[in-house]
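Structural characterization, general
Residues per chain are reported as follows:
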Amino acid sequence: NCVLTSALTSAKQAVCSTMPAPQSRPHVPMPALEGFLKHIESCNSGLEALPEFTPFRVGSKVLGQLKAEFVDQLARYPAVFQVEGRGPSGTVALHDSLSTPALRTAAVADVLSQLRGSYITGWRDELYPVSASFCRGEPDLLVERAAAVHFGIKAYGVHVNGYVIQSDGTWCLWVARRSLSKPNWPGKLDHIVAGGQPHGISLADNVAKECQEEAGIDAALAATARPVGAVSYTQITATGYKPDVLFVYDIQLPVDFQPVPQDGEVESFQLMSVEKVAAIVAGSDEFKANCNVVIIDFLIRHGFITPDAPGYLELVKGLRRGECS
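Residues numbered from 1 in each chain as written. Predicted model: local features only at pLDDT ≥ 70, side-chain atom pairs only at ≥ 80, totals over all residues. Heavy atoms only, no water.

**Considering empty space enclosed by the protein**
To keep things clear, this is the line we draw: Both site types are read off a 1 Å grid over the protein atoms alone. A 1.4 Å probe that fits but cannot get out defines a cavity, while an open set with protein on both sides within 12 Å along at least five of seven lines defines a pocket; lining residues have an atom within 4 Å of a point. Grid points are joined across faces, edges and corners, and a volume is the space filled by probe spheres set on the points. Helical segments are the DSSP runs of H or I of at least four residues, strand segments are the runs of E of at least two, and each set is numbered from the N terminus. Charged means Asp, Glu, Lys or Arg here, nonpolar means Ala, Val, Leu, Ile, Met, Phe, Trp, Tyr, Cys or Pro, and polar covers whatever is left, Gly included.
Going through the model one piece at a time under the given rule, you end up with two cavities of 30 Å³ or more. There is about 50 Å³ of room inside the largest cavity. Together, Asn 161, Gly 162, Leu 173, Trp 174, Val 175, Asp 190, His 191, Phe 287 and Ile 295 line the largest cavity. Mapped onto the lining of the largest cavity, the elements with two or more residues apiece are strand 7 (155-165), strand 8 (171-178) and strand 9 (189-191). Looking at the lining of the largest cavity, the element that brings in the most residues is strand 8, giving three residues. Of the residues assigned to the lining of the largest cavity, the class counts are five nonpolar, three polar and one charged. In this structure, the second largest cavity encloses a volume near 30 Å³. Along the walls of the second largest cavity sit Lys 154, Tyr 233, Thr 234, Pro 243, Asp 244, Val 245, Gly 322 and Glu 323, which together make up its complete lining. Of all the secondary structure elements, the ones that give two or more residues to the lining of the second largest cavity are strand 11 (226-236) and strand 12 (241-252). Broken down by element, the residue count for the lining of the second largest cavity peaks at three residues, all from strand 12.

As structure tokens, then:
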């Protein structure tokens, strides 16, 4: 028995010796959680207007929600869109003759091209899948990214927390300043890397692509980004209905790494202490709205926001208030 016990002890020690030591960090004071909770509420606001929206259907599936103004636009194209009534009891459906994803995609693209500029702005030339949930076979159709919010479809994205642990143990985050020429959220603070999830590319490949395009992170370093979960929210804006899901990644960057703007979408990058980032999030609207939710998730996962803080469970629950599917 003593021999067996000794062998088991040696085996445990061998296994433990291969495990990385936990990363210690100094205590970082956090603001009161009310400042974080306001961003959860902001990203889930406007839903009182949902009874004014009309369901968008493909076959028997409800895949989106449409504002009345957009329904009026689509009603001008009866060969593509069949409009029956308005509001929750009404419906906007694709014409029965559009029986395949390819036919639906082509017909809807033709309509959207006619609405481009006059009604749909911020054209991206990226196709988003229209589906009831993520990664469930072939989507029912594809639509231009700029039209996603008008159709009120589920949209997905990737957000990367690029963090650095300094030699003294201080944790920092690389923060981007969005270009003033961006059509959405110009000049706001943002993640080092973030982007929408278009059709036809895996999440991992999209992260690698965005890392290179936005911050000059090469493929080898980008491959160290770790998927750590997802956040979700549902919001009604002036443009439409947004049931969004963001896949979250963490990447620990070398102390001497310096991101470089590549595609004109970022004005500059700044390395900020986690304490400073938390203070900005809790005390202002400097960050692009959904970045706040991802940063709050980072602060919770890494133990900067602790369970003893009043409002902790409400904050945790709020990170996935939208339908995560």
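The discussion continues.
**Regarding the packing of aromatic side chains**
Our working definition: Each Phe, Tyr or Trp ring (for Trp, its six-membered ring) is paired with any other whose centre lies within 6.5 Å, and the angle between the two planes then decides the class: stacked below 30 degrees, edge-to-face above 60, tilted in between. Exposure classes here rest on a 1.4 Å probe applied to the protein chains alone. A residue is buried below 20% of its type maximum, exposed above 50%, and partly exposed in between.
Evaluation of the coordinates by the stated rule reveals 13 aromatic pairs. Arranged with centres 4.8 Å apart and planes meeting at 55 degrees, the rings of Phe 134 and Tyr 156 form a pair that is tilted. Taken as a pair, Phe 134 in the loop between strand 5 (127-130) and strand 6 (141-144) and Tyr 156 in strand 7 lie far apart in primary sequence, 22 residues in all. Judged by relative accessible area, Phe 134 falls into the partly exposed class, the value being 23%. The class of Tyr 156 is buried, set by a relative accessible area of 7%. Within the aromatic cluster, the residues linked to one another by ring pairs are Phe 56, Phe 70, Phe 81, Tyr 119 and Phe 151.

**Thoughts on helix 4 (residues 101-115)**
What counts, and what does not: The span expected for a helix works out to 1.5 Å for each residue beyond the first. Here, two residues are considered to be in contact whenever any of their heavy atoms come within 4.5 Å of each other.
With 15 residues, helix 4 ought to run about 21 Å at 1.5 Å a step, and its terminal C-alpha atoms sit 21 Å apart, in line with that. Along helix 4, the positions that sit buried rather than exposed are Arg 104, Thr 105, Ala 107, Val 108, Val 111, Leu 112 and Leu 115. In this structure, the buried side of helix 4 is in contact with strand 1 (54-58), helix 3 (68-74), strand 3 (81-84), strand 4 (91-94), strand 6 and helix 5 (148-151). Residue Gly 117 follows helix 4 closely and has a positive phi angle near 90 degrees.

**Description of the nonpolar core**
For clarity, the cut-off: In this text, buried Ala, Val, Leu, Ile, Met, Phe, Trp, Tyr and Cys residues form a nonpolar core when linked through side-chain atoms within 4.5 Å.
Membership of the largest hydrophobic core comes to 38 residues, with the highest contact counts inside it found for Phe 36, Phe 287, Leu 299 and Leu 315. Among the elements that make up this core, the one with the highest residue count is helix 9 (residues 289-301) (nine residues). The residues contacting Leu 299, other than those within four sequence positions of it, are Met 30, Phe 36, Val 274, Ala 278, Phe 304 and Ile 305. If you look at the next biggest cluster of nonpolar residues, it comprises 29 residues, including Phe 81, Leu 115, Ile 120 and Ala 147.

**Focus: the sheet that holds strand 3**
The pairing of strands in a sheet happens through backbone hydrogen bonds and is either parallel or antiparallel. Heads up, the condition is: A strand pair is defined by DSSP finding two or more bridges across the two strands. For helices, the fitted axis covers only the stretch in contact; all axes are lines through C-alpha atoms, and the angles between them, taken along N-to-C directions, range from 0 to 180 degrees.
Strand order in the open sheet formed by four strands is 2-1-4-3, and the pairing between neighbours is mixed. Of all strands in the sheet, those with a lone pairing partner are strand 2 (61-66) and strand 3, marking the two edges. Between one strand and the next, the sheet's axes are offset by a mean angle of 25 degrees, whatever the strand orientation. With four bridges joining them, strand 3 and strand 4 adopt antiparallel strand pairing. Residue pairing for strand 4: Gln 82 is matched across the bridge by Ala 93.

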